[in-house]
Structure formats: C-alpha cells, structure tokens
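Now for the letters of each chain:
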Amino acid sequence: MNLDSSCKASDGFDWKNGCWINEKAQKPDAEIIISGDWAPIRAFDEIIENAPESIYGNVLNVLRGSNLRITNLECTLFGDTPVWKSGAVFKGRPEHIKGLTSVPFEIVTLANNHVFDYGVDSFEKSLELLDKNSIRFLGAGMSANEAQAPLILNLKGIRIGIINFSEGEDLTSAIDGPGVFGWDIDKVARLTGEIRGKVDIIIVICHCGVEYIAFPPPYVTDAFKRIADAGANLIIGHHPHVPQGIEIYKGIPLCYSLGNFVFYQETDLLHRKMGYLVKAGLSRNGVSGISVIPYEIGGTSLALLEGERLSMFFDNLQRISAPLSDDISIRDAWNGFLRYYGTDGFKNEIDTLMKKLADEPKKGAAMFRNRIATMQHNQHWIDAMTRIIEGKIDESPDWAYELTTKWMTEKR
C-alpha cells in the first residue's frame, strides 16, 4: 500500500501523516479509492463535458494509482421535469458520463437524496447509460431487492462485498417499487452478516447525517458501530458536504463524512470547499490500512493540499475526531450544534417553512414532510425542542459550540 513509511502501526490513527495501519492484517494485495459526492453541476457543468479529466487537477494521478475507484453519483444524468422535494434538485446530462469514464470510476453508489430528482424514467435511463459504459452501480434500483442488493466482486483474488444505503430522504426508500436502499440499520446489519462468510472484505457506504456540521449526530455513530459489529471491515459516510472525523472502532475504520468531491457550491466557506479521499489497502484477511488524501475544490478543478494547508487539515480532522470514541462526548458534540442552532434557529426555520407553504404549497409540503420523515431532520427537531422545553438549548461544552461555529462560518 502507498502509505508513507513514517505512518505509525497502531490501533489508533496517525494524525500527522493521515493514515492507519492494521497490524493484524497481511500486507495489501490491492488498493481501492473511495470518494464523496460527484455531480456535474454549476461551475463544473461545461468543464466536465468538454475537458473531463481537467476537473480532477492533480488528484487525477492519485485516483489512477489505485486498482479500483468508487464515487457517489449525486444526480441523475437525464430528465426534463423535476419532482417536488424538500431541497435542491440536481441533474447532469448524458455527455457528463465522460467525467466518470475518463478516470475511470468502475463503481458508483446511488443511495442518496438526488438520484430520483427527475423521476423514475430519468433514473432508469441513467442506469442504462452506466451499464452501457461498464460502470457498476448499487444502492438504488427499480425494486427493493435491486436497491438493497450488495455488489460482490473479485479484485486481484480478494472477494469484496459492498453495501450502500442512505436516509431515503423525500420518501425515496424502495418499498413496493423504485427507490434507494433507505435507513434500515437492522436490514444493513443482517445483510452484512449474511455475506460475511462469502467474501473477504465488506465495505459499507452510507449517505447520511446533518449537512455542514463538524460532527456526526448520535444516531449516525450508533448506526456505524452496529454495522461494524455485524462484520463490516470499512464504513464510509458522505452527504454533510463537509469533512467529518474518523474513528478506529475495534480495528475498523469509520469515516463519517468525506466532504464534497466533484461537487461545486457557490460559497467562500472553507469546509465546504474541502474533502478527502480514502485509499484502502486490502488483503484476504482484512483492511491492511487506510490513507486519507485531502484536497481543495477550486473554481475549475480539485487540488491536493500540501505543506501548511495539509498540516492544518489534519490538525482540524484530529480535533473533530477526538469526541467520536466516547458516547458522552458524541452527545456533547451534538449539543454544541443544537446550541449553535438555538431557539432562534428553530423559529427561523419554522417561519421559512410556513412562508414556503403559503407561497408554494407543494414545495412547502415537501419540506415539512421531509422534516418529519427523515432521520437527520426529525432527530434534530426532536432534540432541539426537548432542550428548549428543558431550558438547556444554550448549554453545551464550549469546545463543541466553538468547533461547530468554526465549521459553519470559517471562510477561505
């Protein structure tokens, strides 16, 4: 594995070099790279169509230096009419497939909150395009069985099983028809156990959590640890659009959010312009180690972090990772976000929803429905309202509030 020779072999993570080595596993026979959200939108639209390789900047050589590449396709590649949903809608075009094939990405995950933004027909056409270009996919399908099916493959003699699920926002979980593999931790844990004896490595990739905050909510950390206990070897998260921390739990790397990847946001907020790849070395008896590869998202391409900026990234990553191994600290971190949000934040959100419901009833109803139906929203609301009732909404350790504020407001 291409880990720096100075990477410490330890049960913990080497924050100076951004890596971890599993002393209990053999030396790796193969390497894979997993990245976060990919969507050919906004400033990246024309670049990916006309010069697809250039969007990756000097990250491209890193991607090509692995045996297998996985990214999260955060949109459909067809469609004319968007659905009514809570948040923004994203759509690429068929020409944007070159942004995936030029690397190439061999696998895309589809369990996310945008793959059905333009309805079922556009989703089905996207599947056909992926298949035509020999890109394998998982996490969504035309039935629950398709959406929930693990992807099993052989890489240099290593049998790998991949499971992909998400929170199923906007009621997109597959039940009686098309949809994503939604938030069903019992099902994910059961599937993990079922394939445990059939593969050497199990990788679980989840699209979940609250956007833009420094720490995963308690329901996410609980879920990741349950899945690890069921037999997963590596668990990867994305969706918050900012980097979140890493925990080595019983010798299993849990990476809670990789941040944005090829995903452009019109903002000067620092942490929404940062992300990291996870390179994992694999052997027949487990994950040999992981290496974190941070980058910055510019106006025309990605760029690897170097020198002082790289050191600063790892320092920040260590700070937001520190609470993750302790249940009390995880709850304290969550309370830091609730303190930042505050009573005024809750009131302003309700005012926005009521105005939207009056001005654009379908959009307002979709937004309200998602607040009730989706874990990231209902857990946020329930906990915020409870702390308001108890008179504790403004209470949290200062470190939790300060790191939340930093993640939400720090500029480039």
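Thresholds applied
Residues numbered from 1 in each chain as written. Predicted model: local features only at pLDDT ≥ 70, side-chain atom pairs only at ≥ 80, totals over all residues. Heavy atoms only, no water. Helix = DSSP H or I, 4+ residues; strand = E, 2+ residues; numbered from the N terminus. Rg over C-alpha atoms; globule rule 2.2 N^0.38 Å. Contact = heavy atoms within 4.5 Å. Axes fitted to C-alpha atoms, helices over the stretch in contact; angles between N-to-C directions. Nonpolar A, V, L, I, M, F, W, Y, C, P; charged D, E, K, R; others polar. Buried < 20%, exposed > 50% of the residue type's maximum accessible area, 1.4 Å probe, protein only. Pairing = 2+ DSSP bridges. Salt bridge = Lys/Arg side-chain N within 4 Å of Asp/Glu carboxyl O. Lys, Arg positive; Asp, Glu negative; His and termini not counted. Disulfide = S-S within 2.5 Å. 1 Å grid on protein atoms, 1.4 Å probe; cavity = no way out; pocket = protein on both sides within 12 Å on 5 of 7 lines; lining within 4 Å. Points joined across faces, edges and corners; volume = space filled by probe spheres on them.

**Section: the overall build of the chain**
A tally of helices and strands in the chain yields twelve helices and 16 strands. What you see for the chain is a C-alpha radius of gyration of 20 Å, in line with the 22 Å of a compact globule of 412 residues. Overall, the chain is about 55 × 50 × 45 Å in size when its C-alpha atoms are taken along their principal axes. Look at the contacts in the chain between residues 6 or more apart in sequence, and 73% of them connect residues 24 or more apart.

**So, the packing of helix 7 (residues 218-230) against helix 9 (residues 327-359)**
It is the contact of helix 7 with helix 9, at a shortest axis distance of 9 Å, that shows an interaxial angle of 145°. On helix 9, the residues touching Pro218, Thr221 and Lys225 of helix 7 are Asp327, Ile330, Arg331 and Trp334. Tallied by class, the residues present in the contact of helix 7 with helix 9 amount to three nonpolar, one polar and three charged.

**Regarding the pairing of strand 12 (residues 246-249)**
By the alternation rule, side chains of strand 12 split into Ile246 and Ile248 and Glu247 and Tyr249, which are all buried. The pairing of strand 12 with strand 13 (residues 252-255) spans four bridges and is classified as antiparallel. Each residue of the ladder has a partner; that of Ile248, found in strand 13, is Pro253. In this structure, the hairpin formed by strand 12 and strand 13 is closed by a connection of two residues, where Lys250 is found at a positive phi of approximately 55°.

**Considering the pattern of salt bridges**
For the structure shown, the criterion picks out 22 salt bridges. Glu31 is the salt-bridge partner of Lys279, the closest N and O atoms lying 3.5 Å from each other. Highlighted residues: Lys279 in strand 14 (residues 274-283) and Glu31 in strand 2 (residues 30-38), separated in sequence by 248 residues. According to the relative accessible area criterion, Lys279 is buried, its value standing at 5%. Here Lys355 ties to Asp359 by a salt bridge, and the two come within 2.7 Å at their closest N and O atoms. Remark: Asp359 and Lys355 occur in helix 9; sequence separation between them is four residues, near one turn of the helix.

**What about the side chain of Arg272?**
Examined against the element boundaries, Arg272 turns out to sit in the loop between strand 13 and strand 14. Although buried, Arg272 forms no salt bridge, and the nearest oppositely charged side chain, Glu211, lies 8.0 Å from it. Among residues more than four places away in sequence, those in contact with Arg272 are Tyr212, His241, Val242, Asn260, Gln265, Thr267, Ile297 and Met408.

**Details of the state of the cysteines**
Taken as a whole and assessed by the stated rule, the structure comprises one disulfide. Cys208 takes part in no disulfide bond, and the closest cysteine sulfur, belonging to Cys206, lies 3.3 Å away.

**Quick notes on the layout of surface pockets**
Estimates place the volume of the largest pocket at around 660 Å³. In terms of lining residues, the largest pocket is bounded by 28 residues, among which Glu211, Tyr212, Arg371, Gln376 and His377 are the most central. Put simply, the parts of the chain that give the lining of the largest pocket at least two residues each are helix 9, helix 10 (361-373) and helix 11 (375-389). Looking at side-chain class alone, the lining of the largest pocket contains ten nonpolar, ten polar and eight charged residues.

**So, unusual backbone geometry**
Here Val103 and Pro104 are connected by a cis peptide whose omega angle stands at 0°. Checked against the element boundaries, Pro104 lands in the loop between helix 3 (98-101) and strand 4 (107-109). With phi around 60°, Ser134 is a residue other than glycine that occupies positive phi space. Residue position: Ser134 is located in the loop between helix 4 (119-132) and strand 5 (136-138). Classification of Ser134 as exposed rests on a relative accessible area of 63%. Within the chain, Lys156 stands out as a residue other than glycine whose phi angle is a positive 50°. Position of Lys156 relative to the elements: it lies in the loop between strand 7 (151-155) and strand 8 (158-166).

**As for the pairing of strand 7**
Alternating residues of strand 7 divide into Leu151, Leu153 and Leu155, all buried, and Ile152 and Asn154, none buried. In this structure, strand 7 lies alongside strand 8, joined through five bridges in antiparallel fashion. Bridge assignment links Leu153 to a residue of strand 8, and that residue is Ile160. What sits between the antiparallel neighbours strand 7 and strand 8 is a turn of two residues, in which Lys156 has the positive phi angle 50°.

**Describing the sheet that holds strand 12**
Spatially, six strands are ordered 7-8-10-11-13-12 in an open sheet, and the strand pairing comes out mixed. On the outer flanks of this sheet lie strand 7 and strand 12, each paired with one strand and no other. Adjacent strand axes in the sheet meet at a mean angle of 20° when their direction is disregarded. Running over the sheet, helix 6 (residues 185-195) touches strand 7, strand 8 and strand 10 (201-207) and is turned about 175° from strand 8.

**Concerning the environment of Gly364**
Among the secondary structure elements, Gly364 is positioned in helix 10. By relative accessible area, Gly364 is classed as buried at 0%. Measuring from C-alpha to C-alpha, the distance between Gly364 and Leu353 comes to 5.9 Å, with eleven residues separating the pair along the chain.

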